[in-house]
Amino acid sequence: MPNKKQPGFATRAIHSGQEPDPETGAVTVPIYPTSTYVQQELGKNKGYEYARVSNPTRTRLEENLAALEGGIAARVFASGMAAINAICTMYKSGDHVVCGNDLYGGVPRLFNQVLANFGMEFTYVKTSDAKNVERAIRKNTRMVYIETPTNPLMSLSDIEAISQICRRKKAELVVDNTFMSPYFQQPVALGADMVVHSTTKFLNGHSDGLGGVVVCTTREQADKLAFVQKAAGAILSPFECWLVLRGVKTLAVRMEQHDRSGRVVAEFLADHKKVKKVFYPGLPEHPQHSLAKQQMTGFGSMITFETGSLSNAKKMLQRVRVCSLAESLGGVETLISHPATMTHAALGEKGRREIGITDGLVRISVGIEDVEDIMDDLDQAMASI
Ligand SMILES: Cc1ncc(COP(=O)(O)O)c(C=O)c1O
């Protein structure tokens, strides 16, 4: 018998976990807004008891996201931060984590201001050089946590190289794949032990719901995280699960368009006389352009650029009309933000200076509007600086 061919990505996005409802034939997964389930008799139920423990809409989303990332299971949480926090609750006081030094600002805030109080230890290194990870690993290191590309400096880490170090040193590699989505980057295939996303971003894709997911590669991780869902309770609501199930159906076409427009806008910015520097892995001058081509199948639509000063950034940001000045990313609409005062404010001035987040940096999440309109808008906004 020939091997059964695995369906392609877009097919899995639309059909994995999203099979027609067996009861009614509904082609979309129903939302089950119930907090509890009737039991036929004591100890006998249909697999569901109480909605913090499990919910059929959530089960379907978890199946879908596991299929897209190539994991064995997935567990969804109330936000990306809740998902990252859930991973950390699998470790204990005295455990050490090596992590990237330019992560989304909320992650070091959680690590330093919450989890360090419970005795977890964190070391921040430039993970774009895998040797820094190896050097920072100690006897008590249990996890290596990376984002690639990073937010907002678009620096890459070599997932495969770091995963080999982790294997040798017996630490688990967790990759935040939010910026690329599973459409452009498959960390599990490159050796990651767990993949995390803020589903708030590209997976939902419409800026209408918070959420987070951890994709697991072992039964042990999946069981532990199911226990964390039940014990700590930061689960994703059925309605928000459904929004991600709906959003993910168009992930492939959205990512294709995000990528096309991202490349065009990055080149436009690179040629613009008011822009001092552009951070985008799709540009040949990006220092890790060849790694980007090797471990990603697209470059996405996250671009960061240098306007030169806080006052330049402020002037242009208050003049945008098509782009919306807002935190977040990955929606169909173009969102533009100022890392120093928004996403990375919690790092403080010194923390930002150490990793190169200047006051003039602006980050753009290129949406899927007509790309000419996005460029015209950026051009007119930059005429003010
Ligand atoms: C890369 C990355 N990871 C995680 C998060 C946290 O996700 P959430 O806002 O859904 O909690 C964010 C939020 O911006 C992010 O950009």
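Starting from 1, residues in each chain are numbered consecutively following that chain's sequence as written. Only residues with pLDDT of 70 or above have their local features reported here, since the model is predicted, and side-chain atom pairs are shown and tallied only from 80 upward, although totals for entire chains, interfaces and linings are computed over all residues.

Novice: Just to check I follow, could you spell out the sheet that holds strand β3 (residues 121-125) for this structure?
Specialist: The strands making up a sheet are joined through hydrogen bonds of the backbone, oriented either antiparallel or parallel. Only when DSSP finds a minimum of two bridges between them are two strands counted as paired. Under the DSSP-based scheme used, a helix requires at least four consecutive residues in state H or I and a strand at least two consecutive residues in state E, with every element numbered from the N terminus. Strands sit in the order β1-β7-β6-β5-β4-β2-β3 across an open sheet of seven strands; the sheet is mixed. Bordering the open sheet on either side are β1 (73-77) and β3, each of which pairs with just one other strand. Between one strand axis and the next, the sheet turns by 20° as a mean value, whatever way the strands run. Bridge analysis of strand β5 (residues 172-176) against strand β6 (residues 194-198) gives three bridges, and the strand direction is parallel. Of the residues in β6, the one forming a bridge with V175 is V195. Every axis in this analysis is a line fitted to C-alpha atoms, fitted for helices over the stretch in contact. Angles between the N-to-C directions lie between 0 and 180 degrees.

Novice: Please explain the nonpolar core as it appears in this structure.
Specialist: Here is a general trend for soluble globular proteins: nonpolar side chains tend to be buried in one another's company. V144, V214, V215 and I303 are the most contacted members of the largest nonpolar core, which totals 99 residues. The greatest single-element share of this core, amounting to seven residues, is contributed by helix α3 (residues 80-88). Look past the residues within four positions of I303 in its chain and what remains in contact with it is G262, V265, A266, L269, V278, F279, Y280, I364 and V366. Only buried Ala, Val, Leu, Ile, Met, Phe, Trp, Tyr and Cys residues enter a nonpolar core, and they are joined through C-beta atoms within 7 Å. Our exposure labels follow a C-beta count within 10 Å of each residue's own C-beta, placed from the backbone: buried means 20 or more other C-beta atoms, exposed means 12 or fewer, and partly exposed covers the counts in between. By the convention adopted here, residues make contact when the C-beta atoms placed from their backbones lie within 7 Å.

Novice: Before we go on, may I ask you to explain the environment of E327 in this structure?
Specialist: Relative to the elements of secondary structure, E327 occurs in the loop between β10 (324-325) and β11 (335-337). The sequence separation of E327 and T250 amounts to 77 residues, and the corresponding C-alpha distance is 23 Å. Contact partners of E327, with chain neighbours within four places excluded, come to S337, M342 and T343.

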